[in-house]
Amino acid sequence: MTPREANFDGLVGPTHNYAGLSVGNLASETNLGRKANPRAAALQGLAKMKALHDRGYWQAVLPPLQRPDVAALRRLGFAGSDAQVLKAAAREPILLAACSSASSMWTANAATVSPSADTADGRVHFTPANLVSKLHRALEPAATGRILQAVFPDPARFVHHQALPAHESFGDEGAANHTRLASTYGAPGVEFFVYGKHGARPGKQPHRYPARQTRLASEAIARLHGLDPCRTVFAQQEPAVIDAGVFHNDVIAVGNLDLLFCHESAFVQPMAIYAELERALGAPLQRIVVPASRVSVSAAVRSYLFNSQLLAGEAGHLLLAPGECAEDPQVADYLAELPERTPIREVLHMDLRQSMRNGGGPACLRLRVVLTEQERAAVAPGVWLNEDKYERLCAWVERHYREELAPDDLADPALLMESNAALDELTGLLGLGAIYPFQQ
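Remember, it's a predicted structure, so these values are computed and weren't measured experimentally. (Residues numbered from 1 in each chain as written. Predicted model: local features only at pLDDT ≥ 70, side-chain atom pairs only at ≥ 80, totals over all residues. Heavy atoms only, no water.)

A. Looking closely at the overall build of the protein chain. Along the backbone of the protein chain there are 17 helices and 15 strands. Since a compact globule built from 440 residues should have a radius of gyration of about 22 Å, the 20 Å found for the protein chain is in line with a globular shape. Considered along the principal axes of its C-alpha atoms, the protein chain spans approximately 60 × 45 × 45 Å. The contacts of the protein chain with a sequence gap of at least 6 include a subset with a gap of at least 24, amounting to 77%. When the accessible surface of the protein chain is totalled, it reaches about 16,400 Å², and 52% of it is carbon and sulfur. Treating the 41 positive side-chain charges of the protein chain as one cloud and the 47 negative ones as another, the clouds have centres 3 Å apart. (Helix = DSSP H or I, 4+ residues; strand = E, 2+ residues; numbered from the N terminus. Rg over C-alpha atoms; globule rule 2.2 N^0.38 Å. Contact = heavy atoms within 4.5 Å. Areas by Shrake-Rupley, 256 points an atom, 1.4 Å probe, with all protein chains shown as cover. Lys, Arg positive; Asp, Glu negative; His and termini not counted. Charge placed at Lys NZ, Arg CZ, Asp CG, Glu CD.)

Structural data, given as structure tokens:
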């Protein structure tokens, strides 16, 4: 069989909450302090995975990180037993929230992945994102790297790099700012990196919110992965849309195979970017460019239209969109027309409201990995979703997850015990062994 794209979705963690930690992410800021439902969030994510599995897509799951991160709190000077550490950290709620975040559920930020067809050594390359722009996410890279190594363990087929240096010049947000375009999944592709600022030189930048991805970081990843410079394209995100709440490129653009679906305001000098992509692709690029007259940037951010998953199907592309897209008049009207006049032949809406309230839509929840059959066979087998695994994971969520969680609950020692018990059982369900520090 020819190579295919697999979706590795992050399981929502037991500490899913609305602490408003992500400045520049308007949904995260707006829902600060609201009570979350971790159980519903995890089940909604699993339902999305199951829907794609049922349609024949390769679907796998990635485990959440251990949270609360008591070890990080100890590094910040909180001492004593786990319960004492949490009690003391409760007096610094921002630090406690950062060390309790379930943000690893958005695995589009976990890493940048280059398939074997694109790399000089013919192996799949992974670089965990350093996520230095946000404290709660900057705690993740080492643990993310360990999980990726457990899921993709064969060094003959997979290469795992360390995260880039943890400095703002090399700010890296992972696949949320990276798209691969190709004629087929098995053909050499064009790796398309989008950045918000250069990282070392002055230039056009947003004013209200920080640009999280740098060109320096994207260039470093391209070198690490052994990418062909002739098939690698770097583009700057339009600073004005970052200031409007487009904190990652995947909030304003998404691509798959030879199709790019984006807003007209996504990039600086967009026509030059389209031309460069076509040159690198060596073929015409199919483009669906949404004009502001049809869907405003604010409507795109509000609905997460472009944070939909764009998936190849037998009769054309499928757009898996958040349910909010059906509720926004501008977006709903535009989407209703797509199947009749574009390569997107079907639009499927999914309820991901718990994730959306923290600013993460369908595309945020998955890491895309193109694999050959041999590479797929080398992946840890227990992470692949099937009917039985789906039912067992849903039952696992029902046993371990709370129906309600407020930011003040993060100091509860029982939550730590519940979370560790859940993760301990999960590693058995997924066959990943002792991947968490508390299991060592």
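Past the structure itself, the notes keep going.
B. How the structure looks around the sheet that holds strand E13 (residues 316-322). The strand order across the open sheet formed by three strands is E12-E13-E14, and the pairing between neighbours is mixed. If you trace the sheet from one side to the other, it starts and ends with strand E12 (309-313) and strand E14 (344-350), each paired once. Averaged over all neighbouring strand pairs, the angle between strand axes comes to 25°, with direction disregarded. With six bridges connecting them, E13 and E14 associate as parallel partners. Directly across from Leu-319, in E14, lies its bridge partner Val-347. Against the sheet, helix H13 (residues 329-341) makes contact with E13 and E14, and its axis sits at roughly 145° relative to E14, the strand it touches most. (Pairing = 2+ DSSP bridges. Axes fitted to C-alpha atoms, helices over the stretch in contact; angles between N-to-C directions.)

C. Quick look at the sheet that holds strand E15 (residues 366-371). If you walk across this open sheet you meet the three strands as E2-E1-E15, and the pairing is mixed. Strands at the two margins of the open sheet, each flanked by one partner only, are strand E2 (58-62) and E15. Put simply, the sheet's adjacent strands are angled 30° from each other on average, direction ignored. Judged from the six bridges that link them, strand E1 (residues 4-10) and E15 form a sheet pairing that is antiparallel. What sits directly across from Ala-6, in E15, is Val-369.

D. Quick look at the state of the cysteines. Scanning the model with the defined rule gives zero disulfides in all. Of all cysteine sulfurs in the structure, the one in Cys-325 sits closest to Cys-262, which takes part in no disulfide; the separation is 16 Å. The exposure class assigned to Cys-262 is buried, which follows from its relative accessible area of 0%. (Disulfide = S-S within 2.5 Å. Buried < 20%, exposed > 50% of the residue type's maximum accessible area, 1.4 Å probe, protein only.)

E. Inspection of unusual backbone geometry at higher detail. Of note, the bond from Arg-67 into Pro-68 is cis; its omega dihedral lies within 30 degrees of zero at 0°. When you line up the elements, Pro-68 lands in the loop between E2 and helix H3 (70-75). Phi is positive for Tyr-304, which is not a glycine, with a value near 60°. Relative to the elements of secondary structure, Tyr-304 occurs in the loop between helix H11 (297-303) and E12.

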